[in-house]
Structures are given as structure tokens and as C-alpha cells.
Amino acid sequence: MELKSKIPSGPLEQKWDSHRFNMKLVNPANKRKYHVIVVGAGLAGASSAATMSELGYNVSCFVYHDSPRRAHSIAAQGGINAAKNYQNDGDSIKRLFYDTIKGGDFRAREANVYRLAQCSVNIIDQCVAQGVPFAREYGGLLTNRSFGGAQVSRTFYARGQTGQQLLLGAYQALEKQIGKGAVTMHTLTEMVDLVLVDGVARGIVARDLRTGKISTHLADAVVLATGGYGNVFFLSTNAKQSNVTASWRAYKRGAAFANPCFTQIHPTCIPQAGDHQSKLTLMSESLRNDGRCWAPLKKGDTRNPRDIPEAERDYFLERKYPSFGNLAPRDIASRAAKEVCDEGRGVGETGLGVYLDFADSIKRLGDTAISERYGNLFEMYERITDEDPYQQPMRIYPAVHYTMGGTWVDYNLMSTIPGLHVLGEANFSDHGANRLGASALMQGLADGYFVIPVTIGDYLAQARLAPVTLDHPEVRAAESAAHDRMRRLINIKGKRSADSFHRDLGKVMWDKCGMARNTESLTTAIQEIGALKEEFWTNVSVPGSDADLNQALEKANRVADFMELGELMCRDALEREESCGGHFRTEYQTPDGEALRNDDAFAHVAAWQYNGENASPSRLVEPLTFESVQLSQRSYK
Amino acid sequence: MNFTLKVWRQANTASAGRLETYAAKAIPSDASFLEMIDLVNMHLEEEGKEPIAFAHDCREGICGSCSMMIDGVAHGPVKGAATCQVHMRTFTDGQEITIEPWRSVAFPVLKDLITDRSAFDRIIQSGGFISAPTGGARDANEILIGKLESDSAMDAAACIGCGACVAACPNGSASLFTGAKISHLALLPQGQPERYRRVEAMVAQMDEEHFGHCTLYGECQEACPKQISIDVISQMNRDFIVAAATKRPQVTSAGAG
């Protein structure tokens, strides 16, 4: 199969405009005849469901949460980028585009990223119109902060709760449409399979989590906005329920999965405290505006950080990357912290931590100013660690945070399955091998508010879909396969909880496919995951019934998919014989330890095509061509 | 640390529930309250017994999923924290802890500690939004909003929709939740055109969902993990009175052009 990116021709700046003109439209009276299913109600899902229904499409939206207000977008703290240039500091659409392409280590599509930068300015306008309370100056104008990988201030924020406020804006727009009867909302309902008829996506099989009832929902197009797969590592900053199941079902039905090995390890998270821990907590990147990262110069220095004199501290980011300093991009900052800890200079009980110190900023600006900027984050930190960051530096360590890889989509956000569209973190499209801070919210909302509402019309206007009913053999087969899978999980009646398998999988992934990878670690990981998978299907314990609210069953169903995904991630990491962004192969590094790309062999997207249970997946390649930027070794020095 | 848990178990909305006793053994003091339940559940699952069902997701106090009465207090003993932000070091070793679901007629129990909070969504549907269909918004900086107004709107907008306010209220009132959304939008210039329609519709919906009336006990703001002030209830009441006093019949004469 060939991957057709469908990037419009013409100059970069005009591609989206001319594409919008060239796309087919559906007339207003006909829109209500089309039924679109949206799975997920985070930023991408809620914004797309609301907007498509405003346009007149008949929309159904499915979430496994009890309300569309709870998706993990809500936890995004720091902000959202937009090329508004309100600060008059030299920002522009082109600069946001360039920073994002470079930040992604030249592994994203130019055309998509440029469109993202163009949409960014509309997002801020749209959100303010909805009443999102972004931070403001006394004069009433919007204010900005800086984020990693950029030398301009273009990040808009609502205290440390930007994701929450943006999501509530989209959620309220969605609830308005639900109230009008324009969107049918299915809460506590999880997609368990994708329905294809004659090779085209025509609906989903879903499980009502209250009753366990499995049912099929048909439509003219399906939109997945189901988030990322960072929880394959068990410990991540993702919410506990975030999972890959919807995307994985789509993969097994034929949607190619792109760049699975591109995962983002965020440098500033609260270090793990023990084996009981169920998740890791992020400390927003915005803290690096005023916090300085350091570690003791001496190995095994266990003195109180306040007793370590200035001369015996290593401000490693400022030392290694003087021009970006503490605002070096995430992949680079994470590796630098790991390096320090590997040298035995890590702090805290486990030695896996470095300091993020606010003493200088507090001296310069005062407690009040710092508390106004980061109060809720400081409080969150103190609650978890029992340490006061106003008095002593925070201890931080990198943790899995985001996944750049995801379902492959073309410029219209359609996967390799006709009719199946994928938005937000669930697709692979805009961040290359590393995402810059404050760009996830931007992408989710650009996809949902501004891209899919237009491109879906182009698809529907030309699709010529035959009517399908629930008794179609392909539909019935998908539904009964979902039933069988649930029964099978219940009937294993083994000895181990799904969580214990998930923890083991996470450890393999973190140790062997985490911040540093190599041929040996990846080969071992593939074997270990294979063995774990085998044990899972004979020894997992799922008490209770499949015809009931059963959280153990929900977990087991998701963990089973994570194991298969983990294997594919390792395979992808193994095949990509270069280092780029978050993908760091120890065999490929520059003499000073930076990622060494191989543009001749790997300036491409790798998308994996499923070939059945007992066959290896095929690695499809979409070459990346760069017309507007020059490929260079990324430098933040 | 070791604890004795008395946990509310209920198979579904229709059946009766009861408190069951579980031993939580060898719990690290750094564990969060939910991680403590995870450990108890892991043992139950290994024994082939049904784990305790509870709502949770982000585990950092922002998604609003977790919802437990801990010894009769919504979200437990830590002020300004959701259940997931309570750590076991707050309790005494050997303590007996009673865990129940939210108590309110408007939040029926789905299973064990999980309740149905869809009434909150329906209150938002009735008017908790600014009508601004996507596209055509003017430049964000054309709307000037003073920092103080903007900050007050943000204080109200911080609500996570967990339902602790309702669970803590002796009347089972949803006034803190509803007032928070009304205040958030009423404090902003963008919220003015729909301001009085909104308050009327949302208050009516609150009644329809069988939430009780507010008699200003103030228990809600004590329980609120985001410490939203009952000032938002005053704002709601004020706007409701203005809406009632200034209401005019809607003129609906439009014709095809």
C-alpha cells in the first residue's frame, strides 16, 4: 500500500487556503443527512463534535468518562502557543512553523505544521469568544509566557489550568449542542472495535460501561480523538484511564500506525517515590521560566541543597545550552537530567532527580509574584512530596508525558481506512520526533475547530456510501468478536491482576525503550513482551461478569492492547537506525552526546501496516520533503 | 501502615448496599488514598473477588472524577484537595476508615463508590455556555478585560465538577456548582448578552434535577477541592432576582425575507 499524504500543491503559505477552495462542500440542507461518530471528548473530540454539529452534521459522541468534561486534556497546565505577536518580539506564523519543525527534529510534514501555525491565531480568538479566562495585564490585554524551544513569548495561559479552561470552553460548546438535540452524547461508553463495510469505516462497536452491553453504532464517517498511548509505560503523567484501545482496534482493522517509537519524556515531573505509585505528576514546563535546573558538582553529595555553595553547583542546562538555557526543548532537557543522574550526581533518596530552584526568582520578584504565577503548582508539589518549594528547591525527574506517534493520517486527517479520521494526540501528524511545550493544546483545537469540520465535508461529498444496516454480516461479525473477547478475558480466571501485568510491561518499556534505546535493549524487550503477553492470556484474573460495570475487565481489555503496541514500538525503534528528538539510540550520537540524525536514510515517516496475528507488520514509508526549511543539526547552544 | 476499611458495596442502582470490612495492610505512608485502594483491589483481584469500583482518572485533582466520603467528609480530611490528593500520611496507623459514595438524591449510585453525576451536565446544557459558534470570532485583544475581573472569573471557572459541594450540603444543593458557572460567565463581557436567560434556565434545571435549596450552611465551600467561595451563590441569587424583575415577554415576529 502507498501512503498518499495529499499535500496540496502551491507555495507553503497558500496550501491551506487553496485547498479549502478546492474541497467539495456539502450544502446546508444535506449536512443533517450525514451522521458522524466522534470518539473521545478531549480538546480535539469536543471541539470537533461541537463544530461539526454547528455546521449541521448529525453527530454522536462517545466517551468512557461519566462526562465529556473529564478527558485528560483537562490536566494540561502550562499553556497554548499562538503566533499572535502581541508581545512585538518578532513572532510570526512562519516563526512558529519553523520552531515547531525544528523542535520536532525535522520529522514532521511542513504543510501540516504550517497550517497548524496559521490556525493558532484563530484558536485564541475562538476561545476568548467562548469566555476562556486567559491571564491578562492590568490594562485588559492578554499576557504571554515563554516555553521551551522558542525565543519569543507566545504562550497564552489560564494560571496553571490552561487545559482545563480550554476543555471547559469546548465542553460547554458541546453541551449547548447536546441541549439542542444536535449531538447525541454517549457517556460511560467505550469503543471496543471499529466497523468496516467494504473496506470503509462505517461505525463502531461500543461497550456500555454501566451494564456491559455491547452494541453497534453506524455512521457515514468515524472520527477518533482518543488521545495518546503514553500509559504503555504504566507510569506516566497521563490519566489512569488513558489507553490505546480505540487506535489499536483501528490498526488491527487496517489503519497504518505511524512512528510509534516517538514518545516524549517530559523533563520536569515529580520523581517516583516507591513501587506502590500509580502515576507520575507533571510540574509544568512554565516553571522553567523562573526556575533553574541544577545538580551538585560532586557525586553522591547528600548535603541539604541550601548548604551547597554556588561554586559547587552545576546549572547543567545553562552550561550546556547557553542561548536557550533552562528553556531548552523537552527531549534535550530530559536527556541532560538523565546524564547527570547516570554520572551519580542525582539527588533525593533514589538518586533519580535534579533540582529545579526558584530561590533566585523569589529573591528578584518576591513570594507573591511567584505564587501568582505558579501557586497551584507549588501547592500540588508540596501535597505530594511534603516539601515546600518556596523554602527548598523542587526535585524533578523526567517522565513519559506525550506520544508524537499515532495513527497515520493524510493532510485531511484521514487514516489509511477511508472514512476513518483521527485528530489530536491520537494522530501522528504535527510534532515530528519531539513536541514543543504548549503545542498539544494548539494541535488538538486546530484539528477540532478548524481542520476536520472542513475536510470531513470533502470526504462526505464524494464518498457515495451505500446504506448499511445492523444485520450486515461485517457488522455482526465485529460485534460478536467484541463479545467473544470480553468472555475470553473473564474466563481465563488466572492468578494475577491486569495491573500487575501492566506494571511489568511498563518496566520493560521504560528500561529498554525509554530515554535511551539500542539494538540489544530493544531485541530483549521484544522477547520479554512476547513472554508477558503469553502469560497474560493464560494467567490474568478478571473477577465479576462481562454484563456489569466491571473495571477489572475494562483494564484487562486495555492492557492486552498495550502489550501488542509495546512490541510494535520496540520494533519501530529498532528499525529507525538514527537518533532524533525523543528517539535516542545510543549507537547514534554526536561526540558531545546529542542526537545524531541520518537524513539520507530516515527523513521519512514510518507507518506500520497490520498483516494478521501470525505475520509481521509491514513498514510503509512516507518520505518527508523540506522545501521551506533547511535540514540542520538542531542546536540550542 | 495498616488500616481497617469499611467500604460501601452496592451492586447497582436498584439493589441495596452495605458496608463491608477490608484490611489494608503494609501501605506506604507516601501512597495516595486511591493508591491505597489500588493495593486492596489488587489483592481482591488475585483472590478472584470483585474489586471495589470507584471513579478516578487524572489523580492530580483536576479531572473531577474521584468522589468519596471519607469518614463522612467529602474528599476526606485535607482542605482544598480532591480524594486523589489525600495521602495516607494524613491518617494514623491502625485507623479505621469509612468510605462511602457521594450522598444525594440527584446522584444515584451506579456501583459501590461510583455515582451518576449526569445532572451536572444537564445544568450546563440548560445555559452554562456563551453561544459562540466556531469561526468569525474577533481578535482576542479587542475585548479588554481588567486583570481583577479576569482573575475573579478564573476563580469561579476553576470548578472541577466533582460534586463534593452537593455531597457535603445538608440540603443536597448544587448552588455552588451552578453559581460558579454563572459567575464565571457573568463576570466577563462576552457573557453579558445571555446573562439573565442563563441564570433563569440554569436555576430551573437545578430544581428539575431534584437538588435541594441553598440555605447558606457554607459546607460546600469547606468541601470544595478548589475552594470556590460561596460568593458565587450570592452572584447567582442577585442575577436571578434581576432576571425575574426585568423579564419581558419575548417578541417572536420574524418573517421570510
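Scanning chain B from N- to C-terminus turns up eight helices and seven strands. In terms of principal-axis extent, the alpha carbons of chain B reach across some 70 × 40 × 35 Å. Looking at chain B alone, contacts between residues at least 24 apart form 70% of all its contacts between residues at least 6 apart.

It is worth spelling out the overall build of chain A at this point. From N to C terminus, chain A includes 16 helices and 19 strands. On C-alpha atoms alone, chain A measures out to a radius of gyration of 24 Å, which is about the 26 Å that the 2.2 N^0.38 rule sets for 637 residues. By residue count, 61% of the 637 residues in chain A fall in the buried class. Considering only contacts in chain A between residues 6 or more positions apart, those separated by 24 or more positions represent 73%.

One frequently used descriptor of interface size is the decrease in accessible area upon assembly of the parts. If you look at the interface, chain B gives 64 residues, while chain A gives 65 residues. Among the secondary structure elements, those contributing two or more residues to the side of chain B that touches chain A are helix H1 (33–46), strand E6 (109–111), helix H2 (118–127), helix H3 (147–157) and helix H5 (175–186) of chain B. For the side of chain B that touches chain A, the leading source of residues is H1 of chain B, giving seven residues. Residues of the side of chain B that touches chain A, tallied by class, amount to 30 nonpolar, 18 polar and 16 charged.

When strand E1 (residues 3–9) of chain B meets strand E5 (residues 96–100) of chain B, the two strands line up parallel, connected through four bridges. The partner of Val7 of chain B across the bridge, within E5 of chain B, is Ile99 of chain B.

Ranked by internal contacts, the top residues of the largest apolar core, which has 287 residues, are Val36 and Val223 of chain A. In this structure, Val36 of chain A is in contact with Met52, Tyr57, Val59, Ala219, Asp220, Ala221, Val223 and Ile456 of chain A, ignoring residues within four places of it in sequence.

Here we come to the domain arrangement of chain A. Residues and elements named next belong to chain A. Each assigned domain of chain A is listed with its residue range as follows: domain 1 (266–400) and domain 2 (478–604). Of note, the centres of domain 1 and domain 2, computed from C-alpha atoms alone, are 30 Å apart. Contacts between domain 1 and domain 2 engage six residues on the former and five residues on the latter. For the side of domain 1 that touches domain 2, the element with the highest residue contribution is helix H9 (residues 330–342), accounting for five residues. By residue class, the composition of the side of domain 1 that touches domain 2 is one nonpolar, one polar and four charged.

Before going further, it helps to examine the sheet that holds strand E15 (residues 394–403) of chain A. By way of backbone hydrogen bonds, the strands of a sheet pair with one another, either parallel or antiparallel. Residues and elements named next belong to chain A. Pairing within the open sheet is antiparallel, and its five strands lie in the order E11-E15-E14-E12-E13. Each edge of the sheet is formed by a strand with only one pairing partner; in this case those strands are strand E11 (263–269) and strand E13 (313–314). Sheet topology places strand E12 (residues 292–296) next to E13; two bridges connect them, and they run antiparallel. The residue of E13 that forms the bridge with Ala295 is Asp314. Helix-sheet contacts for H9 involve E11, E12, strand E14 (354–357) and E15, and the interaxial angle to E11 is about 65°.

A word on helix H3 (residues 43–55) of chain A. Its 13 residues give H3 of chain A an end-to-end C-alpha distance of 18 Å, which sits within 8% of 18 Å, the value for a rise of 1.5 Å per residue. Counting buried residues along H3 of chain A, 13 of its 13 residues qualify, which places the element largely inside the surrounding structure.

Residues and elements named next belong to chain A. A sheet is described by the order of its strands in space; here three strands give the open sequence E6-E7-E8, paired in antiparallel fashion. The strands lining the two open edges of the sheet, one partner per strand, are strand E6 (189–197) and strand E8 (214–218). Taking each pair of neighbouring strands and ignoring which way they run, the sheet shows an average axis angle of 30°. In this structure, E6 lies alongside strand E7 (residues 200–208), joined through eight bridges in antiparallel fashion.

Looking now at the domain arrangement of chain B. Residue and element names in this part refer to chain B. Domain boundaries assigned for chain B yield domain 1 (3–111) and domain 2 (118–132 + 140–246). When each unit is reduced to the centre of its C-alpha atoms, the spacing between domain 1 and domain 2 is 28 Å. Between domain 1 and domain 2, the residue contacts involve 17 residues of the former and 16 residues of the latter. When the residues that make up the side of domain 1 that touches domain 2 are grouped by side-chain class, the tally is 10 nonpolar, six polar and one charged.

So, about helix H14 (residues 519–539) of chain A. With 21 residues, H14 of chain A should cover 30 Å at 1.5 Å per step; its first-to-last C-alpha distance of 30 Å lies within 8% of that length. For H14 of chain A, the complete set of buried residues consists of Ser521, Leu522, Ala525, Ile526, Glu528, Ile529 and Phe536 of chain A.

Let us look at unusual backbone geometry. The phi dihedral of Arg159 of chain A is positive, around 45°, even though this residue is not glycine. Within the fold, Arg159 of chain A resides in the loop between strand E4 (155–156) and helix H6 (162–179). Look at His210 of chain B: it is not a glycine, yet its phi comes out positive at around 70°. Residue position: His210 of chain B is located in the loop between helix H6 (195–208) and helix H7 (219–223). Among the residues examined, His210 of chain B registers 13 C-beta atoms within 10 Å and is labelled partly exposed.

Let us look at the packing of H5 of chain B against H6 of chain B. All names here are of chain B. At a minimum axis distance of 11 Å, the contact between H5 and H6 shows a crossing angle of 175°. Taken as axis vectors, H5 and H6 run roughly antiparallel relative to one another. Each of Thr178, Ile182, Leu185 and Ala186 in H5 lies in contact with H6, whose residues at this interface are Arg195, Arg198, Val199, Met202, Val203 and Met206. Broken down by class, the residue content of the contact of H5 with H6 amounts to seven nonpolar, one polar and two charged.

The relative placement of two packed helices is expressed as an angle between their axes plus a distance between the axes. Residues and elements named next belong to chain A. Running from N to C, helix H5 (residues 110–130) and helix H11 (residues 440–463) point in directions that differ by 80°, and their axes come no closer than 9 Å. Viewed along their axes, H5 and H11 adopt a mutual orientation that is roughly perpendicular. On the side of H5, the interface is formed by Leu116, Cys119, Ser120, Asn122, Ile123 and Gln126, while H11 contributes Met442, Gln443, Leu445, Ala446, Tyr449 and Phe450. Considered class by class, the residues forming the contact of H5 with H11 number eight nonpolar, four polar and no charged.

Chain-level pLDDT for chain B is 96 on average; 98% of the residues reach the 70-or-more range. Here the prediction assigns the complex a pTM of 0.97, and the interface score ipTM is 0.97.

Next up on the list: the pairing of strand E5 (residues 183–186) of chain A. Residue and element names in this part refer to chain A. Only one face of E5 is covered, namely the one carrying Val183 and Met185; the face carrying Thr184 and His186 has none of its residues buried. Here strand E2 (residues 58–62) pairs with E5 via four bridges, running parallel. Each residue of the ladder has a partner; that of Ser60, found in E5, is Thr184.

Conventions we followed
Residues numbered from 1 in each chain as written. Chains lettered and ligands numbered in written order. Predicted model: local features only at pLDDT ≥ 70, side-chain atom pairs only at ≥ 80, totals over all residues. Helix = DSSP H or I, 4+ residues; strand = E, 2+ residues; numbered from the N terminus. Contact = placed C-beta atoms within 7 Å. Rg over C-alpha atoms; globule rule 2.2 N^0.38 Å. Buried ≥ 20, exposed ≤ 12 C-beta atoms within 10 Å, placed from the backbone. Nonpolar A, V, L, I, M, F, W, Y, C, P; charged D, E, K, R; others polar. Pairing = 2+ DSSP bridges. Core = buried A, V, L, I, M, F, W, Y, C linked by C-beta atoms within 7 Å. Domains from an automatic or database assignment. Axes fitted to C-alpha atoms, helices over the stretch in contact; angles between N-to-C directions. Expected span 1.5 Å × (residues − 1). Parallel < 35°, antiparallel > 145°, perpendicular 65-115°, else oblique. pLDDT = per-residue confidence, 0-100.

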